[in-house]
Amino acid sequence: MRILIVSGFLGSGKTTSVVKIGKYLKERGHTIAVLVNDVADVGVDGQVISENGLDSKEMPRGCICCTLKYALEGNIALIQAESNPDILIIEPTGVAFPDRIKEQIEKMDFGPEVTMGPIISLIDGSKFRHIMEHSEYAATKQMENADIIVINKKDLMEKEEISAVKNVIRDINVDAEIFSISFKEKDLALIQFMNAVESWLGMEATTGSAINIEDNDCPDNMCASNDDHFDHFNVSSYADTYHIEHTIDTDTAINAATSIMKDLKNMVLALNPKFLGHLKMFLHTESIALRISVTSYLDNPEVEVIDTDISDHGEFTVFAAVTEVHRDDLAQIIKRSVMGNSSHLGISI
């Protein structure tokens, strides 16, 4: 089993990339499993990945860099015992440091059957300047130990902007392979990236000796102090799940998700007019599942519709992890947005 880590700041496009990578490798004949880590009590990304036909497990309530590192070992062992896939893709939370995860896995005793593949680090190129202005040190830490760095969302960038971002990244990491792509498009750049991933995964294992770091030691004092606040990014998070008590049609589901997300974004903007992070929602009914997200103050909600065959009326999970907004405020904002819009649209939850 080869382990592939796909990292990146909140809203960089990790879940979309994991789905694309997983489906591509699955079509190439490999068996795939995905382990998803999120900072809130309930997650959204694992549901999206499962609805796209990939086996996934979720690790909510913290960061696998620090607070969940022992749970990480248990989940990898469980996946190895249950299905032993060819490739395990780990999607850590957007505030995690991938080199710490790799170091921890290398210290775990899984035997020669489990080896490390590449660390892939994603950066939202369209928001690169804003991310570096707000969290340069932490964002740099995510990129400097990566084997492959992806400037994502190139469809939202000019050629000169892509070139400038590449130059900054090259100064951060002189050895990484750098790609500028959009995971929404299938073009030559995406194919070249996938070829690079396959090349890394096909290499002979080079386990080497793990770096000696004591279990309680976190470099640069950058461990999370608790499960839902991360000082190195100044990010707080909250999530909740709501059950729908009756059947709703597709149009109502899309209208509800869009209204909730617009309202949620506006309330976050009132507290932090230039927030970065991720607001996202996963909703399923008897006939469809959909994901809607906003990744910063610059964005409008984007809806992705997925076919599903779930038999119950439905439910939805709303997740917020943003900069410089307190967790208690996020909890109140989510509740107000959900209750107000559901009542307005006649949805009983």
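Residues numbered from 1 in each chain as written. Predicted model: local features only at pLDDT ≥ 70, side-chain atom pairs only at ≥ 80, totals over all residues. Heavy atoms only, no water.

Let's talk about the side chain of Asn152
Alright, step 1. Among the secondary structure elements, Asn152 is positioned in strand S6 (residues 148-152).
Alright, step 2. The class of Asn152 is buried, set by a relative accessible area of 4%.
Alright, step 3. For Asn152, the residues in contact, after removing those within four places along its chain, are Ser12, Gly13, Leu122, Ile123, Asp124, Gly125, Ser126, Met157, Ile181, Ser182 and Phe183. (Helix = DSSP H or I, 4+ residues; strand = E, 2+ residues; numbered from the N terminus. Buried < 20%, exposed > 50% of the residue type's maximum accessible area, 1.4 Å probe, protein only. Contact = heavy atoms within 4.5 Å.)

Details of the pairing of strand S5 (residues 115-124)
Alright, step 1. Most of S5 is tucked away: ten of the ten residues are buried.
Alright, step 2. Bridge count between strand S1 (residues 2-8) and S5: six bridges; the pairing is parallel. Across the sheet, the residue bridging to Val6 is Ile120, located in S5.
Alright, step 3. Pairing between S5 and S6: five bridges, direction parallel. Bridge assignment links Ile120 to a residue of S6, and that residue is Ile148.
Alright, step 4. Handedness of the S5-helix H5 (residues 128-144)-S6 crossover: right-handed. (Pairing = 2+ DSSP bridges. Right-handed = clockwise from strand over helix to strand, strands pointing away.)

Observations regarding the packing of helix H8 (residues 250-271) against helix H9 (residues 327-345)
How two helices pack is summed up by the angle between their axes together with the distance between the axes.
Alright, step 1. For the pair H8 and H9, the least separation of the axes is 9 Å and the interaxial angle reads 145 degrees. Two packed elements cross with a definite hand, and for H8 against H9 that hand is right-handed. Of the residues in H9, those touching H8 at Asn255, Ala256, Ser259, Ile260, Asp263, Leu264, Met267, Val268 and Leu271 are Asp329, Leu330, Ile333, Ile334, Arg336, Ser337, Val338, Asn341 and Leu345.
Alright, step 2. Among the residues forming the contact of H8 with H9, the class breakdown is eleven nonpolar, four polar and three charged. (Axes fitted to C-alpha atoms, helices over the stretch in contact; angles between N-to-C directions. Left-handed = near helix turned anticlockwise from the far one by under 90°. Nonpolar A, V, L, I, M, F, W, Y, C, P; charged D, E, K, R; others polar.)

Here's the deal with the sheet that holds S1
Alright, step 1. Read from one edge of the open sheet, seven strands run S3-S2-S4-S1-S5-S6-S7, paired in parallel fashion. If you trace the sheet from one side to the other, it starts and ends with strand S3 (55-59) and strand S7 (177-180), each paired once. Within this sheet the neighbouring strands show an average axis-to-axis angle of 20 degrees, counted without direction.
Alright, step 2. In this fold H5 packs onto S1, S5 and S6, with an angle of close to 170 degrees to the strand it touches most, S5.

What to know about the pattern of salt bridges
Alright, step 1. Using the criterion set out here, one finds ten salt bridges in the structure.
Alright, step 2. Note that Lys127 is salt-bridged to Asp124, the shortest N-O span being 2.9 Å.
Alright, step 3. The buried category is assigned to Lys127, whose relative accessible area is 4%.
Alright, step 4. Under the relative-accessibility criterion, Asp124 is labelled buried at 2%.
Alright, step 5. Where Lys141 meets Glu144, a salt bridge forms, and the shortest distance between an N and an O atom there is 3.5 Å. Separated by three residues within a single helix, Lys141 and Glu144 lie in helix H5, roughly one turn from each other.
Alright, step 6. One network of salt bridges, with partners in common, ties together Asp124, Lys127, Lys153 and Asp299. (Salt bridge = Lys/Arg side-chain N within 4 Å of Asp/Glu carboxyl O.)

Looking at helix H4 (residues 98-107)
Alright, step 1. Burial analysis of H4 places seven of its ten residues in the buried class, which makes it a mostly covered element.
Alright, step 2. Among the residues of H4, those classed as buried are Pro98, Asp99, Arg100, Ile101, Glu103, Gln104 and Ile105.

So, the nonpolar core
Alright, step 1. Counting residues in hydrophobic clusters, the biggest one holds 47 residues, and the most contacted among them are Ile3, Leu72, Ile76, Leu88, Ile90, Ile105 and Ile169.
Alright, step 2. Ranked by the residues each element gives to this core, the list is headed by H5, at five residues.
Alright, step 3. In contact with Ile3, other than residues within four places in its own chain, are Ile76, Leu88, Ile90, Ile105, Val114, Thr115, Met116, Gly117 and Pro118.
Alright, step 4. Grouped together as the second largest cluster of nonpolar side chains are 32 residues, Ala256, Met267, Phe275 and Ala331 included. (Core = buried A, V, L, I, M, F, W, Y, C linked by side-chain atoms within 4.5 Å.)

What about the packing of aromatic side chains?
Alright, step 1. Evaluation of the coordinates by the stated rule reveals three aromatic pairs.
Alright, step 2. Residues Phe179 and Phe193 carry aromatic rings whose centres are separated by 5.8 Å and whose planes lie at 75 degrees to one another, so their mutual orientation is edge-to-face. Of the two residues, Phe179 sits in strand S7 while Phe193 sits in helix H7 (residues 188-201), which places them 14 residues apart along the sequence. Side by side, Phe179 and Phe193 carry an identical accessibility label, which is buried.
Alright, step 3. Ring geometry for Phe183 against Phe193: centres 5.6 Å apart, planes inclined by 85 degrees, an arrangement best described as edge-to-face. Remark: Phe193 occurs in helix H7 and Phe183 occurs in the loop between S7 and H7; sequence separation between them is ten residues. (Phe/Tyr/Trp six-rings, centres within 6.5 Å; stacked < 30°, edge-to-face > 60°.)

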